[in-house]
There are 2 protein chains.
Amino acid sequence: MGTRYVVLGAGMIGSAIARDLAADPACEVHVADVQGDRLAILRSEANVKTTEATLTEPGVVRRVVAGADVVVGALPSLLGYAALTQVIEAGCHHVDVSFMTEDPSTLDSAARAKGVTVLYDCGVAPGLTHMLAGCAAARLAPCERLEIYVGGLPAERRWPFEYKAGFAPYDVIEEYTRPVQIVEEGRVVVREALSEPELLDFPGLGTLEAFNTDGLRSLVRSLRVPFMKEKTLRYPGHVELMRIFRETGLFSKESVVVGTQSVRPLDLTAALLFPRWTFAPREADLTVMAVRAQGQLGGETKELRWDLFDRFDPATGLRSMSRTTGFTATAVARQVASGAFRQPGVSAPEALGAQPKLLQAILSDLRARGVDVVGGE
Amino acid sequence: MGTRYVVLGAGMIGSAIARDLAADPACEVHVADVQGDRLAILRSEANVKTTEATLTEPGVVRRVVAGADVVVGALPSLLGYAALTQVIEAGCHHVDVSFMTEDPSTLDSAARAKGVTVLYDCGVAPGLTHMLAGCAAARLAPCERLEIYVGGLPAERRWPFEYKAGFAPYDVIEEYTRPVQIVEEGRVVVREALSEPELLDFPGLGTLEAFNTDGLRSLVRSLRVPFMKEKTLRYPGHVELMRIFRETGLFSKESVVVGTQSVRPLDLTAALLFPRWTFAPREADLTVMAVRAQGQLGGETKELRWDLFDRFDPATGLRSMSRTTGFTATAVARQVASGAFRQPGVSAPEALGAQPKLLQAILSDLRARGVDVVGGE
């Protein structure tokens, strides 16, 4: 009998995950979401069972995942941690792409006690980026410098934002406001989000702007690399606009008195921006990722480079951000399901990248789906 | 006995008007405002009598202006028309800088019936600009083209807006949203506010950006010039930012549902922007004005050019926008008080500009106060 998967969340990413897992007839795929209409669409596209359930209610996730071999968590970031807690209680292995706000490593001992393998941040970034970083840190002796650049963009650039959100827009603004941890001279230093913009040329795409976002996450502590940074890529100009919106107070969570009301500026900004940041049906997007690692190899200074350039797939209707994030999660889930990776406790994705066979299997799975990471020589 | 003036409003502009009129010991100056603290400051600076009164209540303006020879209206734009109605009822001459929203010419017959002279839009722009336009239209035969450029700016350019508001900030945003009437080939055409930006160099100041605003007002109908436009000047970049704010919906007066509340985006934007757009005490500003008129004179094509470049006055602490707007109003008020201009009914300022002696007297008054309009040859 094949693997029994439960996918939590049938949004942009969760749907891509469910469809990919269900393409293997040997697997059983069960999807849970609070929105029945999403599940109905998914049933029409893939061989999945579905459960419409309010996953935020106590114990619901535990009941939904009962009996699963591997759970894939694709819930909004605010729901990820509470769901993971219940998955561990249910004794299921778990692969997560919720980009949860809380630190999942606080659940490490609970996962060990249950003997379950938990991998978090298993999307494209954080995720694939971290696996490649883990690979670089293992191959170079020592790895001296690590730079990660990644962005999800609309294929068509439209004034004024030249941006659409491939995942929950609130999480995009969170990226534009949350202080950024980077590593310099072996020390963790904090920079402002949207800081240190630089222009980079990408062949076939043109010039993009890279700026600091808090994307290193687990790498800050897991890798002993003295210089590490992660930057987000956008079309040039977007970052300046977002800096101005932030400076004006439009991203503030502190309420402002307006007439007789008290309003959080972020909430109004969200109400105005998000419709403008939402992809139209079948609107093409693209994902750009570049990982650069410098260090010593065989007595010489060496740079390892990985690049990914992925586009919307008209055949499946899946956006690139859904493909690259979702297919990374399913590739990892398969490694857990097959037993190729089993490590009781909570692990970050760089743990996978440090094992060449695992990384090759994951990159091979991605390549089979058209997500082609080049480089690494 | 000297002229008895009543000044309505003791804001940025009204205070400058009251101080200038009161500098003539032969005049009696009475100022009314709803804010007692403003009046107290004004009494400490100038020989004025004051009345603290809610000028929006029925009949209050009429009582306050009773017995005045000339009233100068410097209220916010939303209050200007109602106040003017009562000034006419009281039988006083009136000079206005409120930039009232309604059309003051609808009070023409009421003013005629009372035999009072009313001049509206008597600031720097509209105002001085319109007098110069009226002069050009009278001198050139015919005047074929008229271009007005004007802006009030902070002397110091600070990221991101490089702008501070020299008058009520709501009226600034109104300028950025209200459709613009210009004249092309003798026809009135409507353009979007903030449209048709162009870069212009001003010696000693550098490059400014000019864009369409609805500043022609009465000129659209009063002058028979086939090409007329009025543009506002800002430091380059401001207009693009305001276009983006408008596009995002931040200037919208249509309420948006935010959680359980219904909020007008403009109100929140105002709450966030206006503190950033307010001049600090004694912060220096400047006013730039250029009027260009082309036409035929003595059988030749001729261009008449007027330029004004004025700055904050550290000696008086008066900002340039208060000086140029306020001193134009007082210069006009003196012409009405002396009887040099008396025309029962409601007139626009271009009526003054068509009379060379009146215009020279007004420009001379301004020059005596350091507001020096050059050109016109």
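From a predicted model like this one, the values you see are computed outputs, not experimental measurements.

### Comments concerning the packing of aromatic side chains
In this description, an aromatic ring pair is defined by two values, namely the gap between the centres and the angle between the planes.
Residue and element names in this part refer to chain B.
Now for step 1: On inspection of all chains with the given rule, the structure shows 15 aromatic pairs over all chains.
Now for step 2: Each ring, one from Phe161 and one from Phe245, has its centre 5.8 Å from the other, and the planes form 80°; the classification is edge-to-face. Taken as a pair, Phe161 in the loop between strand 7 (143-154) and helix 7 (169-177) and Phe245 in helix 9 (residues 238-248) lie far apart in primary sequence, 84 residues in all. The pair formed by Phe161 and Phe245 is uniform in burial state, with each residue classed as buried.
Now for step 3: In this structure, Arg145 is placed above the aromatic ring of Phe227, and the distance from its NZ or CZ to the ring centre is 4.6 Å.

### Focus: the relation of the copies chain A and chain B
Now for step 1: Superposition of chain A onto chain B requires a rotation of 180° combined with a translation of 0.0 Å along the rotation axis, giving an RMSD of 0.0 Å. When the rotation and shift are considered jointly, the pair of chain copies conforms to a two-fold rotation axis.
Now for step 2: In this assembly, 100% of the residues forming the interface of chain A have copies in chain B that are likewise at the interface, indicating an isologous arrangement.

### Re the interface of chain A and chain B
Now for step 1: On the chain B side, the residues contacting the 25 residues of chain A number 25 residues.
Now for step 2: Carbon and sulfur atoms make up 74% of the area that chain A and chain B hide from each other, which totals about 2300 Å².
Now for step 3: Contact with chain B buries surface across chain A, with Trp159, Thr248 and Leu268 of chain A losing the most and accounting together for 26% of the total.
Now for step 4: Remark: the boundary between chain A and chain B carries zero salt bridges.
Now for step 5: Joining chain A to chain B, the criterion identifies eight residue pairs in polar contact (both at pLDDT 80 or more).
Now for step 6: Broken down by secondary-structure element, the contributors of at least two residues to the side of chain A that touches chain B are helix 9 (238-248), strand 13 (256-258), strand 14 (261-263) and helix 10 (265-277) of chain A.
Now for step 7: Tallied by class, the residues present in the side of chain A that touches chain B amount to 16 nonpolar, four polar and five charged.

### Comments concerning the pattern of salt bridges
Residue and element names in this part refer to chain A.
Now for step 1: Here the structure, examined in full by the defined rule, presents 60 salt bridges over all chains.
Now for step 2: In this structure, Arg323 and Asp313 form a salt bridge, with 3.6 Å as the shortest nitrogen-oxygen distance. With Arg323 in helix 11 (residues 320-337) and Asp313 in the loop between strand 16 (300-311) and helix 11, this residue pair connects regions lying 10 residues apart in the sequence. The residues Arg323 and Asp313 share a single accessibility class, namely buried.
Now for step 3: Put simply, Asp20, Arg334, Asp365 and Arg369 are held in one network by salt bridges that share partners.

### Section: the side chain of Arg217 of chain B
Now for step 1: Tracing the backbone through its elements, the reader meets Arg217 of chain B in the loop between strand 11 (206-212) and helix 8 (219-222).
Now for step 2: You can call Arg217 of chain B buried: its relative accessible area is 15%.

### As for the sheet that holds strand 3 (residues 49-52) of chain A
All names here are of chain A.
Now for step 1: Ordered in space as 3-2-1-4-5-6-17, the seven strands form an open sheet in which the pairing is parallel. Looking at which strands have only one partner, the edges of the open sheet turn out to be strand 3 and strand 17 (345-347). Taken over all neighbouring pairs, the strand axes of this sheet differ in orientation by 20° on average, direction set aside.
Now for step 2: Bridge analysis of strand 4 (residues 70-73) against strand 5 (residues 93-96) gives four bridges, and the strand direction is parallel. Counted as the bridge partner of Gly73 is Asp96 from strand 5.
Now for step 3: Helix 1 (residues 12-22) contacts strand 1 (4-8), strand 2 (28-33) and strand 4 of the sheet and is inclined by roughly 165° relative to strand 1.

### Some points on the environment of Pro58 of chain A
All names here are of chain A.
Now for step 1: Note that Pro58 resides in the loop between strand 3 and helix 3 (60-65).
Now for step 2: Assessed through its relative accessible area of 76%, Pro58 is described here as exposed.
Now for step 3: Considering only alpha carbons, one finds Pro58 and Leu352, 294 residues apart in sequence, at a separation of 32 Å.

### Examining empty space enclosed by the protein
Residue and element names in this part refer to chain A.
Now for step 1: Scanning all chains against the criterion turns up one cavity of 30 Å³ or more.
Now for step 2: Size it by volume and the largest cavity reaches roughly 40 Å³.
Now for step 3: Lining the largest cavity are Phe99, Asp171, Glu174, Glu175, Arg178 and Asp214.
Now for step 4: Class assignment of the residues belonging to the lining of the largest cavity gives a composition of one nonpolar, no polar and five charged.

### Comments concerning the sheet that holds strand 3 (residues 49-52) of chain B
Residue and element names in this part refer to chain B.
Now for step 1: A sheet is described by the order of its strands in space; here seven strands give the open sequence 3-2-1-4-5-6-17, paired in parallel fashion. Whereas interior strands pair on both sides, the edge strands pair on one side only; in this sheet they are strand 3 and strand 17 (345-347). Pairwise comparison of adjacent strand axes, ignoring direction, gives a mean angle of 20° for this sheet.
Now for step 2: In this fold helix 4 (residues 80-89) packs onto strand 1 (4-8), strand 4 (70-73), strand 5 (93-96) and strand 6 (117-119), with an angle of close to 160° to the strand it touches most, strand 5.

### Observations regarding the packing of helix 6 (residues 128-139) of chain B against helix 13 (residues 356-368) of chain B
What describes two packed helices is the angle between their axes and the distance between those same axes.
Residues and elements named next belong to chain B.
Now for step 1: Helix 13 packs onto helix 6 with a crossing angle of 145° between their chain directions and a minimal axis gap of 11 Å. The element helix 6 and its partner helix 13 pack so that their crossing is left-handed. Judged by residue contacts, Leu128, Met131, Leu132 and Cys135 of helix 6 engage Leu359, Ile362, Leu363 and Leu366 from helix 13.
Now for step 2: Looking at the contact of helix 6 with helix 13, its residues break down into eight nonpolar, no polar and no charged.

### Things to note about unusual backbone geometry
Now for step 1: Of the consecutive residues Ala141 of chain A and Pro142 of chain A, the connecting peptide bond is found in the cis state with omega at 0°.
Now for step 2: Checked against the element boundaries, Pro142 of chain A lands in the loop between helix 6 (128-139) and strand 7 (143-154).
Now for step 3: Even without a glycine there, the phi angle at Leu194 of chain A is positive, about 70°.
Now for step 4: Looking at where Leu194 of chain A falls in the secondary structure, it is placed in the loop between strand 9 (187-191) and strand 10 (198-202).
Now for step 5: On the accessibility criterion, Leu194 of chain A (0% relative accessible area) is buried.
Now for step 6: Phi is positive for Arg282 of chain B, close to 65°, though the residue is something other than glycine.
Now for step 7: With respect to the secondary-structure elements, Arg282 of chain B resides in the loop between helix 10 (265-277) and strand 15 (285-297).

### Thoughts on the state of the cysteines
Residues and elements named next belong to chain B.
Now for step 1: One pass over the structure, following the stated rule, counts zero disulfides over all chains.
Now for step 2: Its sulfur unpaired, Cys135 is 10 Å from the next cysteine sulfur, which belongs to Cys143.
Now for step 3: Since its relative accessible area comes to 10%, Cys135 is described here as buried.
Now for step 4: Judged by its relative accessible area of 5%, Cys143 falls in the buried class.

### Section: the side chain of His93 of chain B
Residues and elements named next belong to chain B.
Now for step 1: Among the secondary structure elements, His93 is positioned in strand 5.
Now for step 2: Judged by its relative accessible area of 13%, His93 is buried.
Now for step 3: Among the polar contacts listed, one links the side chain of His93 to the side chain of Arg342, at a separation of 3.5 Å.
Now for step 4: For His93, the contacting residues outside a window of four places in its chain are Asp69, Val70, Val71, Val87, Gly115, Val116, Thr117, Val336 and Arg342.

### Looking at helix 9 of chain A
Now for step 1: When you tally the buried positions in helix 9 of chain A, you get eight out of 11 residues, the bulk of the element.
Now for step 2: Within helix 9 of chain A, burial applies to His238, Val239, Leu241, Met242, Ile244, Phe245, Arg246 and Thr248 of chain A.
Now for step 3: Among the structural elements, helix 7 (169-177), strand 11 (206-212), strand 12 (227-234) and helix 10 of chain A together with helix 9 and helix 10 of chain B are those in contact with the buried residues of helix 9 of chain A.
Now for step 4: Of the residues flanking the end of helix 9 of chain A, it is Gly249 of chain A, one or two places downstream, whose phi is positive at about 100°.

Thresholds applied
- Residues numbered from 1 in each chain as written.
- Chains lettered and ligands numbered in written order.
- Predicted model: local features only at pLDDT ≥ 70, side-chain atom pairs only at ≥ 80, totals over all residues.
- Heavy atoms only, no water.
- Phe/Tyr/Trp six-rings, centres within 6.5 Å; stacked < 30°, edge-to-face > 60°.
- Helix = DSSP H or I, 4+ residues; strand = E, 2+ residues; numbered from the N terminus.
- Buried < 20%, exposed > 50% of the residue type's maximum accessible area, 1.4 Å probe, protein only.
- Lys NZ or Arg CZ within 6 Å of the ring centre and 35° of its normal.
- Least-squares fit on C-alpha atoms with pLDDT ≥ 70 in both.
- Contact = heavy atoms within 4.5 Å.
- Buried area = accessible area lost by both parts, 1.4 Å probe.
- Salt bridge = Lys/Arg side-chain N within 4 Å of Asp/Glu carboxyl O.
- Polar contact = N/O pair within 3.5 Å; in protein donor to acceptor, adjacent residues only side chain to side chain.
- Nonpolar A, V, L, I, M, F, W, Y, C, P; charged D, E, K, R; others polar.
- Pairing = 2+ DSSP bridges.
- Axes fitted to C-alpha atoms, helices over the stretch in contact; angles between N-to-C directions.
- 1 Å grid on protein atoms, 1.4 Å probe; cavity = no way out; pocket = protein on both sides within 12 Å on 5 of 7 lines; lining within 4 Å.
- Points joined across faces, edges and corners; volume = space filled by probe spheres on them.
- Left-handed = near helix turned anticlockwise from the far one by under 90°.
- Disulfide = S-S within 2.5 Å.

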